[in-house]
Amino acid sequence: AERPRVLQCYTPIQGQYLAFIFYYTKLYGQAPSEADLQRYFKVSPPTVHQTILALEKQRCIERTPGQARSIRLLLTREQLPDLD
């Protein structure tokens, strides 16, 4: 029988995105933009967007369609890795 995966709903890279979103939101009082993620991780806009969509699909985050900086974590700090 397959055991349900409780915690790790994300890959190591996705975990870094989640940790960045957590700390950015804590520091600035608003979620990072996709451009902020792009600058931090030094990746292309499509890479950031695909990762955000994957995290949303995995129910790690939620966003408000059409609203900038609307990423909301659906995980607690304890469920996140440390930011490398």
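Attention in this report is confined to the structure presented alongside it. Residue numbering note: each chain is counted from 1, following its sequence as written. For this predicted model, a pLDDT threshold of at least 70 governs which residues receive local features, and a threshold of 80 or more governs which side-chain atom pairs are given and counted, while totals over whole chains, interfaces and linings are taken from all residues. The basis for the side-chain values is all heavy atoms of the structure; hydrogens and waters are excluded.

Okay, the overall build of the chain next. Of the regular secondary structure elements, the chain holds three helices and two strands. Numbered from the N terminus, helices here are DSSP runs of H or I no shorter than four residues, and strands are runs of E no shorter than two. Reading the secondary structure of the chain in the N-to-C direction produces α-α-α-β-β. Viewed in the frame of its principal axes, the chain has a C-alpha envelope of about 40 × 25 × 25 Å. Residue-level accessible areas treat just the shown protein chains as cover; the underlying method is Shrake-Rupley with a 1.4 Å probe. By element, 55% of the accessible surface of the chain is carried by carbon and sulfur atoms, the whole surface being about 5800 Å². Under this rule, positive means Lys or Arg and negative means Asp or Glu; His and the chain ends count for nothing. A single reference atom marks each charge: NZ on Lys, CZ on Arg, CG on Asp, CD on Glu. Where the 11 positive side-chain charges of the chain centre and where its 8 negative ones centre are 2 Å apart.

What follows concerns unusual backbone geometry. Most of the time, phi is negative for any residue but glycine, and the peptide bond is trans. Non-glycine residue Lys42 carries a positive phi angle of around 55°. Relative to the elements of secondary structure, Lys42 occurs in the loop between helix 2 (34-41) and helix 3 (45-57). Partly exposed describes any residue whose relative accessible area lies between the buried limit of under 20% and the exposed limit of over 50%, with all areas from a 1.4 Å probe on protein chains only and scaled to the type maximum. The exposed category is assigned to Lys42, whose relative accessible area is 73%. Within the chain, Arg59 stands out as a residue other than glycine whose phi angle is a positive 60°. Summarising the element assignment, Arg59 is placed in the loop between helix 3 and strand 1 (61-62). Judged by relative accessible area, Arg59 falls into the exposed class, the value being 54%.

What follows is about the pattern of salt bridges. We count a salt bridge whenever a side-chain nitrogen from Lys or Arg sits within 4 Å of a carboxyl oxygen from Asp or Glu. All told, the structure shown has six salt bridges when counted by the stated rule. Of the charged contacts in the structure, one is a salt bridge between Glu62 and Arg72, with a shortest N-O distance of 2.4 Å. Of this pair, Glu62 sits in strand 1 while Arg72 sits in strand 2 (residues 72-73), and the two are ten residues apart along the sequence. For Glu62, a relative accessible area of 28% puts it in the partly exposed group. Salt bridges sharing common partners tie together Glu34, Glu56 and Arg63.

This brings us to the environment of Leu75. With respect to the helices and strands, the residue Leu75 is situated in the segment after strand 2. A residue is classified by how much of its surface remains accessible, and Leu75, at 14% relative accessible area, is buried. Sequence separation of Leu75 and Arg59 is 16 residues, and the distance between their C-alpha atoms is 8.8 Å. It only takes one pair of heavy atoms within 4.5 Å for two residues to be counted as in contact. Contact partners of Leu75, with chain neighbours within four places excluded, come to Cys9, Tyr10, Leu18, Cys60 and Leu80.

A separate point is the packing of helix 1 (residues 12-28) against helix 2. Under this scheme, a helix contributes an axis fitted over its contacting stretch, all axes are lines through C-alpha atoms, and angles between N-to-C directions fall in the 0 to 180 degree range. Direction vectors running N to C along helix 1 and helix 2 enclose 120°, while the axes themselves pass 11 Å from each other. Put simply, helix 1 runs oblique to helix 2. For the pair helix 1 and helix 2, the sense of crossing is right-handed. Judged by residue contacts, Gln16, Tyr17, Phe20, Ile21 and Tyr24 of helix 1 engage Asp36, Leu37, Tyr40 and Phe41 from helix 2. Angles are sorted into four bins: roughly parallel if under 35 degrees, roughly antiparallel if over 145, roughly perpendicular if 65 to 115, and oblique for all others. Here is the rule for handedness: rotate from the far helix to the near one, and if that takes an anticlockwise turn smaller than a right angle the crossing is left-handed, while a clockwise turn gives right-handed.

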